[in-house]
Amino acid sequence: PVVFDMAENYPAIMQDLWDTGRQRRFDFLVRNPRFVAAVEDYCIHRVDHTLVVVEESAAWLVARGVPGERIDVVSNTPPASRASADPGRPPRTGDDPVEVVYLGNLDVVRGVLELVRAVRTLRDQRVRVRATVIGGGRELDLFRHRARELGLTEADVVFTGHLDHAAALDLVARADIGVVPTRRTAHSETTVPNKLFDYMAAGLAVVTSDTVPCARIASETDTGEVFRAGDAADLAAAIRRLVEDPARRRAMGERGREAIRARYNWEQDSAVLTRVIGRATRQRRTSTASAVA
């Protein structure tokens, strides 16, 4: 049997690249949205089963004619033990800035420019925050340049570049607020980023854009604030609300950890994965035996 692990809406990622005008010469060959979409469309109607990371992605496939019984959600969740360990967050004094963190690839559509502008707005409002942007990508230099243009220093925003997984999670655990600033596109409406669950597992309050999957999870678990995607002023306002209410911020962080322990963990998702593989194998054996008979 062939099981398709659809981690993301890959054709939509390629379209995002085209829409922002940031493609490079080689991308016209290997990241052409039409070609990628044609390959995916061929596959989804022929494989035995498809795994998606979020319910909205399953609904998108059903709308394209894939039977619902051939789709299961296996999300990109962390082990429950990560939410059980002490996050090791250093104590804050009244003079310390609230630490905001972004973890992930650095592309324009992921909303990092909006985060940089929000930090500038908060500094102008005399709201003490410091943002740490963890990750690499083709737009890292663009974001650093934009931060300098806005007069931001390393006291306001730090770009770490790519870090190994353990080092990245250690920085996340030291923060207070985790940001998912992704713009609304066909891709972001049909996937859920690892960073959302990483923040929740570390006990961070979340600030997410109103992309449907992230906003739904943050609202259902009451773990954070939702702002209008692409709106830096609204992002700044959401961060400010959490900065000015530390008790609510900590409560949201604890609810996030509980949600990881109870529902959004790899123990539950790996059990679904095991069932899917077993079921697909049994169905293939049955159909092969019937054909031979």
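Residues numbered from 1 in each chain as written. Predicted model: local features only at pLDDT ≥ 70, side-chain atom pairs only at ≥ 80, totals over all residues. Heavy atoms only, no water.

1. Things to note about the overall build of the chain
Then comes step 1: Helix and strand counts for the chain come out as 13 helices and nine strands.
Then comes step 2: Compactness check: the chain gives a C-alpha radius of gyration of 21 Å against a globular reference of 19 Å for 293 residues, within 12% of the reference.
Then comes step 3: Taking the principal axes of its C-alpha atoms as reference, the chain extends roughly 80 × 45 × 30 Å.
Then comes step 4: Burial statistics for the chain: of 293 residues in total, 47% are counted as buried.
Then comes step 5: Surface summary for the chain: the accessible area is close to 14,100 Å², and the carbon and sulfur share equals 53%. (Helix = DSSP H or I, 4+ residues; strand = E, 2+ residues; numbered from the N terminus. Rg over C-alpha atoms; globule rule 2.2 N^0.38 Å. Buried < 20%, exposed > 50% of the residue type's maximum accessible area, 1.4 Å probe, protein only. Areas by Shrake-Rupley, 256 points an atom, 1.4 Å probe, with all protein chains shown as cover.)

2. Focus on the nonpolar core
Then comes step 1: Judged by nonpolar contacts, the single largest core of 60 residues is most densely connected at Phe159, Ile177, Tyr199, Met200 and Ile239.
Then comes step 2: For this core, the element with the most residues is helix H6 (residues 112–124), which contributes seven residues.
Then comes step 3: Excluding its chain neighbours within four sequence positions, the residues that come into contact with Phe159 are Val112, Val116, Val133, Leu140, Phe143, Arg144 and Ala147.
Then comes step 4: Counting seven residues, the second-largest nonpolar core is a separate cluster that includes Met6, Ile44, Ala58 and Ile71. (Core = buried A, V, L, I, M, F, W, Y, C linked by side-chain atoms within 4.5 Å. Contact = heavy atoms within 4.5 Å.)

3. Let's talk about the sheet that holds strand S1 (residues 3–6)
Then comes step 1: Spatially, S1-S2-S3 is the arrangement adopted by the three strands of the open sheet, whose pairing is parallel. This sheet does not close on itself; its edge strands, each paired only once, are S1 and strand S3 (71–73). With strand direction ignored, the average angle separating the axes of adjacent strands in the sheet is 20°.
Then comes step 2: Relative to strand S2 (residues 49–52), S1 is paired through four bridges, and the arrangement is parallel. (Pairing = 2+ DSSP bridges. Axes fitted to C-alpha atoms, helices over the stretch in contact; angles between N-to-C directions.)

4. Describing the pairing of S2
Then comes step 1: Both faces of S2 are covered, namely the face carrying His49 and Leu51 and the face carrying Thr50 and Val52.
Then comes step 2: Relative to S3, S2 is paired through three bridges, and the arrangement is parallel. Within S3, the position partnered with Leu51 by the bridge is Asp72.
Then comes step 3: Assessed by its sense of winding, the connection that carries the chain from S2 through helix H4 (residues 55–63) to S3 is right-handed. (Right-handed = clockwise from strand over helix to strand, strands pointing away.)

5. Examining the sheet that holds strand S8 (residues 205–209)
Then comes step 1: Read from one edge of the open sheet, six strands run S6-S5-S4-S7-S8-S9, paired in parallel fashion. The open sheet has two edge strands with one neighbour each: strand S6 (157–161) and strand S9 (224–227). The mean angle between the axes of side-by-side strands here comes to 20°, regardless of whether they run parallel or antiparallel.
Then comes step 2: Sheet topology note: the strand S4 (residues 98–103)/strand S5 (residues 129–134) ladder contains six bridges and is parallel. Bridging across to S5, Leu103 finds its partner in Ile134.

6. Considering the packing of aromatic side chains
The geometry of two aromatic rings is summed up by the distance between their centres and the angle between their planes.
Then comes step 1: Across all of its chains, the model carries one aromatic pair by this definition.
Then comes step 2: Seen from their ring centres, Phe197 and Tyr264 are 5.4 Å apart, and the 25° between their planes marks the pair as stacked. Of this pair, Phe197 sits in helix H9 (residues 194–201) while Tyr264 is found in the loop between helix H12 (246–262) and helix H13 (266–292), placing the two residues 67 residues apart along the sequence. Here Phe197 and Tyr264 have matching classes, each one buried. (Phe/Tyr/Trp six-rings, centres within 6.5 Å; stacked < 30°, edge-to-face > 60°.)

7. Observations regarding the packing of H6 against helix H11 (residues 232–243)
In helix packing, the relevant descriptors are the interaxial angle and the interaxial distance, both defined with respect to the helix axes.
Then comes step 1: Packing of H6 against H11 brings their axes to within 8 Å, and their N-to-C directions diverge by 60°. As the angle between them shows, H6 and H11 are arranged oblique. For the crossing formed where H6 meets H11, the hand is right-handed. Along the contact surface, H6 presents Glu114, Leu115, Arg117, Ala118, Thr121 and Leu122, while H11 presents Ala232, Leu235, Ala236, Ile239 and Arg240.
Then comes step 2: Residues of the contact of H6 with H11, tallied by class, amount to seven nonpolar, one polar and three charged. (Parallel < 35°, antiparallel > 145°, perpendicular 65-115°, else oblique. Left-handed = near helix turned anticlockwise from the far one by under 90°. Nonpolar A, V, L, I, M, F, W, Y, C, P; charged D, E, K, R; others polar.)

8. Observations regarding unusual backbone geometry
Then comes step 1: For Arg126, which is not glycine, the phi dihedral falls at a positive 60°.
Then comes step 2: Residue position: Arg126 is located in the loop between H6 and S5.
Then comes step 3: One non-glycine residue, Asp222, lies in positive phi territory at about 55°.
Then comes step 4: Tracing the chain through its elements places Asp222 in the loop between helix H10 (212–221) and S9.
Then comes step 5: According to the relative accessible area criterion, Asp222 is partly exposed, its value standing at 39%.

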